[in-house]
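# Tertiary structure, described
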Amino acid sequence: MKEITQAVILCGGLGTRLRPITNSIPKPMVEINKKPFLWYLLVKLSSPPNNIKKFLLLTGYLQEKIKNYFKDGKEFGWDISYSSGPASWETGRRIWEANEHLDEQFVLCYSDNFAQVNLPIIYQIWEKNSSAITLLIAKKKNGNVMINQNNKNILYSKERKADYQHVELGFMICSKNDIFEKFKIIKNSPKIDFSEILQNLSLDNLLSGFVI
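None of the values given here were measured: they were computed from a predicted structure.

### Observations concerning helix α4 (residues 119-129)
What α4 keeps buried is the set L119, I122, Y123, I125, W126 and N129. Relative to the axis of α4, the buried residues are bounded by an arc of 160° and lie together on one face. The inward-facing, buried residues of α4 contact α1 (37-46), β6 (105-110), β7 (133-139), β10 (166-175) and β11 (207-211). Among the residues trailing α4, S130 stands out with phi positive, at a value near 50°.

### Considering the pattern of salt bridges
Think of it this way: side chains of opposite charge can pair up when their charged atoms draw near. Evaluated as defined, the whole model comprises six salt bridges. Put simply, E97 and R93 hold a salt bridge, and the shortest N to O gap is 2.6 Å. Taken together, the residues E97 and R93, both in helix α3 (residues 91-97) and four residues apart, mark about one turn of the helix. The closest approach of N and O atoms between E181 and K184, which form a salt bridge, is 3.4 Å. Highlighted residues: E181 and K184, both in helix α5 (residues 176-185), separated by three residues, approximately one helical turn.

### Topic: the side chain of S83
By secondary structure assignment, the location of S83 is in strand β5 (residues 79-84). According to the relative accessible area criterion, S83 is buried, its value standing at 10%.

### Structural notes on the environment of E31
Inspection of the secondary structure assignment puts E31 in strand β2 (residues 31-32). Since its relative accessible area comes to 52%, E31 is described here as exposed. Each C-alpha atom of the pair E31 and A162 lies 34 Å from the other, and the pair is 131 residues apart in sequence.

### Observations concerning helix α6 (residues 194-203)
Regarding α6, the residues found buried are F194, S195, I197, L198, L201 and S202. Down the axis of α6, the buried set is contained in an arc of 155°. They therefore lie on one face.

### Focus on the pairing of strand β4 (residues 54-59)
Burial of β4 is extensive: five of the six residues sit out of reach of the surface. Across six bridges, β4 lies against β5 in parallel orientation. Directly across from L58, in β5, lies its bridge partner S83. Of the crossover connections in this fold, the one passing from β4 over helix α2 (residues 63-70) to the parallel β5 is right-handed.

### A closer look at unusual backbone geometry
Cis geometry marks the peptide bond from R19 to P20; its omega dihedral reads 10°. Along the chain, the position of P20 falls in the loop between β1 (6-11) and β2. That bond from P48 to P49 is cis: its omega, 5°, falls within 30 degrees of zero. Along the chain, P49 turns up in the loop between α1 and β4. Even without being glycine, S130 reaches a positive phi, approximately 50°. Tracing the backbone shows S130 in the loop between α4 and β7. Phi is positive for N205, which is not a glycine, with a value near 60°.

Rules of the game
Residues numbered from 1 in each chain as written. Predicted model: local features only at pLDDT ≥ 70, side-chain atom pairs only at ≥ 80, totals over all residues. Heavy atoms only, no water. Buried < 20%, exposed > 50% of the residue type's maximum accessible area, 1.4 Å probe, protein only. Helix = DSSP H or I, 4+ residues; strand = E, 2+ residues; numbered from the N terminus. Arc of directions from axis to C-beta. Contact = heavy atoms within 4.5 Å. Salt bridge = Lys/Arg side-chain N within 4 Å of Asp/Glu carboxyl O. Pairing = 2+ DSSP bridges. Right-handed = clockwise from strand over helix to strand, strands pointing away.

What follows is the structure, encoded as structure tokens:
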């Protein structure tokens with residue numbers, strides 16, 4: 001079995017729900033016990049069984065705060081690079097602009113979610129189901145994920161729905177080629193939220209999930 005060696009982290013949002021804290025600091029850099037939240041996420045991804053050491057941070061709002069702290073990552077034993085753009089970019093645009101920096105397969109994460117993730121297990125499901133993306137999901141009322149009866153493919157909704165009883169947690173194994181093929185056929189692409197890509201992939205039975 002191949003291994004995922006790159007994690008791509010969406011770090012560019014305005015963090016409006018945490019204002020006024022985020023008036024002067026990007027949300028991933030908000031401290032918990034004197035460490036930025038993003039530090040905990042990268043430690044989790046780099047620790048066994050995940051063992052990822054290469055990170056691509058997709059930065060936007062107050063990006064210099066992130067770069068000044070993490071730099072190239074060597075201080076932490078990591079290899080960190082950046083793809084940066086305006087804070088106004090949607091998540092889809094950030095991924096689109098990072099194209100040349102992405103591995104053929106990678107794990108994509110939100111910078112404000114944390115879970116007890118086991119990437120090798122998610123990778124096995126991704127590989128077995130020949131999915132474009134395999135999501136880490138959890139049970140939740142009024143969620144955005146519905147598991148089909150065969151438990152192989154899942155449906156994803158951009159909005160929360162009463163009959164969608166799971167929610168995705170922001171950790172997903174991705175196929176670069178499948179994602180960018182979907183970008184090419186969606187109207188207004190790439191100026192869209194990445195959730196639209198997920199919804200379209202699910203309609204083509206190209207999404208699978210692992211429940212925790």
